[in-house]
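# Per-entry structural report
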Amino acid sequence: MTADTTLEVLLLRLDDAVPVPAYAHPGDAGADLVTRVDVVVPPQGRVTVPTGVAIALPDGFAAFVHPRSGLASKHGLTIVNAPGTVDAGYRGEISVTLLNTDVETPVVLARGDRIAQLVIQRVERARFVEAERLPGSHRGEGGFGSSGGWADAQAPRS
């Protein structure tokens, strides 16, 4: 596959009334997934929503389910395990576990509403090799927050 070719992904539509994933604009990385059911996501609640499609990815690829930025910014709707991973060997219906981060307002979705984006990427398989020690690096063992954070960003600059 070269940069100017398109990867063919086999798709099974589990509900004929639900559209297949589609890219809204040329150059988009994510194809839109829709809900195949009406659903209400209560404030601070989560609901697993079926999309009505199943896919067969070729070996060496995975699909990643990402939140839609508009739903996140306007309604506080995100995906619990973002991005969700669809492995090449999975053949079941793609479902999306949505989380409403708003503390007061439910999110009401109708069948056919766009709920997530599906990004397909080439992935590498690793062979994990045990070692007595790891080679050094600039970061070393610095973990969460080791490169700075909120307090660093608020410090006065001279």
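Predicted, not measured: the structure shown is a model, and the values here were computed from it.

For the chain, the helix and strand inventory stands at 2 helices and 11 strands. Listing the helices and strands of the chain from first to last along the sequence gives β-β-β-β-β-β-α-β-β-β-β-β-α. Over its C-alpha atoms, taken along the principal directions, the chain stretches across nearly 55 × 45 × 30 Å. As presented, the chain carries roughly 11200 Å² of accessible surface, and 52% of it is formed by carbon and sulfur atoms. Placing the 14 positive and 18 negative side-chain charges of the chain at their respective mean positions leaves the two points 2 Å apart.

A few words on the environment of Arg-125. Among the secondary structure elements, Arg-125 is positioned in the loop between strand 11 (114-122) and helix 2 (150-154). When the C-alpha atoms of Arg-125 and Gly-60 are compared, they prove to be 7.7 Å apart, with 65 residues separating the residues in sequence.

With that out of the way, let us pick up the UniProt feature "domain: dUTPase-like" (unreviewed entry) in the chain. UniProt's entry tags residues 18-148 with the feature "domain: dUTPase-like" (unreviewed entry), counted in the numbering of this structure. Along residues 18-148, the helical share is 5% and the strand share 36%, with 45 Å between the first and last C-alpha atoms.

Per the UniProt record, "binding site: substrate" (unreviewed entry) is annotated on Arg-68, Ser-69, Gly-70, Asn-81, Thr-85, Val-86 and Asp-87. For the residues just named, distributed over 20 residues, the greatest C-alpha separation reaches 26.2 Å, placing them at more than one site. Residue position: Ser-69 is located in helix 1 (residues 69-75). By relative accessible area, which is 58% here, Ser-69 ends up exposed. With respect to the helices and strands, Asp-87 occurs in the loop between strand 8 (84-86) and strand 9 (95-100).

Let us look at the pattern of salt bridges. Oppositely charged side chains can pair when the atoms bearing their charge come close. Taken as a whole, this structure holds 4 salt bridges when the rule is applied. A salt bridge links Arg-68 to Asp-32, with the nearest nitrogen and oxygen atoms 2.5 Å apart. Of this pair, Arg-68 sits in the loop between strand 6 (61-67) and helix 1 while Asp-32 sits in strand 2 (residues 31-34), and the two are 36 residues apart along the sequence. Assigned by exposure class, Arg-68 and Asp-32 land together as buried. In this structure, Arg-36 and Glu-93 form a salt bridge, with 2.6 Å as the shortest nitrogen-oxygen distance. Separated by 57 residues along the polypeptide, Arg-36 in the loop between strand 2 and strand 3 (39-41) and Glu-93 in the loop between strand 8 and strand 9 bring together distant segments of the chain.

Turning to the nonpolar core, a few remarks are in order. Formed by 24 residues in total, the largest nonpolar core has its most connected members in Leu-33, Val-65, Ile-94, Val-96 and Leu-98. Looking at this core, the elements with two or more residues in it are strand 3, strand 4 (46-50), strand 5 (53-56), strand 6, strand 7 (77-79), strand 9, strand 10 (107-109) and strand 11. Discounting chain neighbours no more than four positions away, the residues touching Leu-33 are Pro-21, Thr-51, Val-53, Val-65, Ile-94, Val-96, Asp-113, Arg-114, Ile-115, Ala-116 and Leu-118.

Next up on the list: the sheet that holds strand 9. Taken in spatial order, the 3 strands of this open sheet run 4-9-7, and their pairing is antiparallel. Single-partner strands in this sheet number two, and they are strand 4 and strand 7. Adjacent strand axes in the sheet meet at a mean angle of 35°, parallel and antiparallel pairs treated alike. Bridge analysis of strand 4 against strand 9 gives 5 bridges, and the strand direction is antiparallel.

Thresholds applied
- Residues numbered from 1 in each chain as written.
- Predicted model: local features only at pLDDT ≥ 70, side-chain atom pairs only at ≥ 80, totals over all residues.
- Heavy atoms only, no water.
- Helix = DSSP H or I, 4+ residues; strand = E, 2+ residues; numbered from the N terminus.
- Areas by Shrake-Rupley, 256 points an atom, 1.4 Å probe, with all protein chains shown as cover.
- Lys, Arg positive; Asp, Glu negative; His and termini not counted.
- Charge placed at Lys NZ, Arg CZ, Asp CG, Glu CD.
- UniProt positions renumbered as here; feature names shortened; annotations may be inferred.
- Buried < 20%, exposed > 50% of the residue type's maximum accessible area, 1.4 Å probe, protein only.
- Salt bridge = Lys/Arg side-chain N within 4 Å of Asp/Glu carboxyl O.
- Core = buried A, V, L, I, M, F, W, Y, C linked by side-chain atoms within 4.5 Å.
- Contact = heavy atoms within 4.5 Å.
- Pairing = 2+ DSSP bridges.
- Axes fitted to C-alpha atoms, helices over the stretch in contact; angles between N-to-C directions.

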